[in-house]
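One letter stands for each residue in the lines below.
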Amino acid sequence: MTTRDDPMATWNDAVPTWGRDAAGVLRLPSGRLVRGRGMRHPIPPGPAPDFALYLRGRRPPGTAWPSTWVRWPDFWLPLDPAAAAEAFREAWHRAAAERVEIACNGGRGRTGTALACLAILDGLPPADAIPFVRTHYSPHAVETPWQRRFVTGFPRN
């Protein structure tokens, strides 16, 4: 059985996570569930995140749950790519046993880019990550050519 103490665990019914059909939830190939959303929209109904990764040019408002902020201007790339990669790894590890949310203002470009990087961490080849996220999260995910290059060049480890 999977427990919250096992950071490498994969999703199963014993782990408190998002519902498979909840708004914005992406099921990664391993079964981990991650919710993407646009922060300009209301928080979807259901349980609150256990952890959130916010991708914005300015510091996000405070939340009742732990979060990490990656400084990332709209339509661009993270200002510190190494810090972003570390934040993606933390989100991916936490998603094994926690409800993880990834959000930017609109929930498409930066959020889609981060979700594609999580898919790579989850084992997808970089060339398959963007089509996977566009199919299973949003057809508008990963908006700019430089975001696409960021994903295809993202290291697996």
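Thresholds, definitions, all that
- Residues numbered from 1 in each chain as written.
- Predicted model: local features only at pLDDT ≥ 70, side-chain atom pairs only at ≥ 80, totals over all residues.
- Heavy atoms only, no water.
- Pairing = 2+ DSSP bridges.
- Helix = DSSP H or I, 4+ residues; strand = E, 2+ residues; numbered from the N terminus.
- Axes fitted to C-alpha atoms, helices over the stretch in contact; angles between N-to-C directions.
- Contact = heavy atoms within 4.5 Å.
- Parallel < 35°, antiparallel > 145°, perpendicular 65-115°, else oblique.
- Left-handed = near helix turned anticlockwise from the far one by under 90°.
- Nonpolar A, V, L, I, M, F, W, Y, C, P; charged D, E, K, R; others polar.
- Core = buried A, V, L, I, M, F, W, Y, C linked by side-chain atoms within 4.5 Å.
- Buried < 20%, exposed > 50% of the residue type's maximum accessible area, 1.4 Å probe, protein only.
- Salt bridge = Lys/Arg side-chain N within 4 Å of Asp/Glu carboxyl O.

1. Looking at the sheet that holds strand β2 (residues 33-38)
Okay, step 1: Strand order across the open sheet formed by five strands is β1-β2-β5-β3-β4, with mixed pairing between neighbours. Both edges of this open sheet fall to β1 (25-27) and β4 (67-71), since each of them pairs with a single strand only. The sheet shows a mean angle of 20 degrees between the axes of neighbouring strands, direction not considered.
Okay, step 2: Direction of pairing for β1 relative to β2: antiparallel, over a ladder of three bridges. Paired with Leu 26 across the bridge in β2 is Val 34.
Okay, step 3: Relative to the sheet, helix α1 (residues 81-94) contacts β3 (51-56), β4 and β5 (100-104), its axis offset from that of β3 by approximately 150 degrees.
Okay, step 4: Running at roughly 140 degrees to β5, helix α2 (residues 109-121) makes contact with β1, β2, β3 and β5 of the sheet.

2. Some points on unusual backbone geometry
Okay, step 1: A positive phi angle, close to 70 degrees, is found at Phe 75, a residue other than glycine.
Okay, step 2: Of note, Val 142 is a non-glycine position whose phi angle comes to about 60 degrees, a positive value.

3. Overview of the packing of α2 against helix α4 (residues 145-152)
Okay, step 1: With their axes 9 Å apart at the nearest point, α2 and α4 run at an angle of 15 degrees to one another. As judged from the angle between their axes, α2 and α4 are roughly parallel. For the crossing formed where α2 meets α4, the hand is right-handed. Counting all contacts with α2, which are made through Gly 109, Arg 110, Thr 113, Ala 116, Cys 117 and Ile 120, the residues of α4 involved are Gln 147, Phe 150 and Val 151.
Okay, step 2: Residues belonging to the contact of α2 with α4 are distributed by class as follows: five nonpolar, three polar and one charged.

4. Some details on the nonpolar core
Okay, step 1: Counting residues in hydrophobic clusters, the biggest one holds 37 residues, and the most contacted among them are Leu 53, Leu 55, Phe 88 and Ile 102.
Okay, step 2: At the level of secondary structure, the elements contributing two or more residues to this core comprise β3, α1, β5, α2, α3 (126-136) and α4.
Okay, step 3: The greatest single-element share of this core, amounting to eight residues, is contributed by α2.

5. Quick look at the pattern of salt bridges
Okay, step 1: Inspection of every chain in the model, using the stated rule, returns seven salt bridges.
Okay, step 2: Between Glu 90 and Arg 94 there is a salt bridge, with its nearest N and O atoms 3.0 Å apart. In this pair, Glu 90 and Arg 94 are both assigned in helix α1, four residues apart and thus about one turn of the helix distant.
Okay, step 3: Here Glu 98 and Arg 94 are joined by a salt bridge, their closest N and O atoms 3.1 Å apart.
Okay, step 4: The buried category is assigned to Glu 98, whose relative accessible area is 17%.
Okay, step 5: A single network of salt bridges, built from pairs that share partners, joins Arg 35, Arg 37 and Glu 101.

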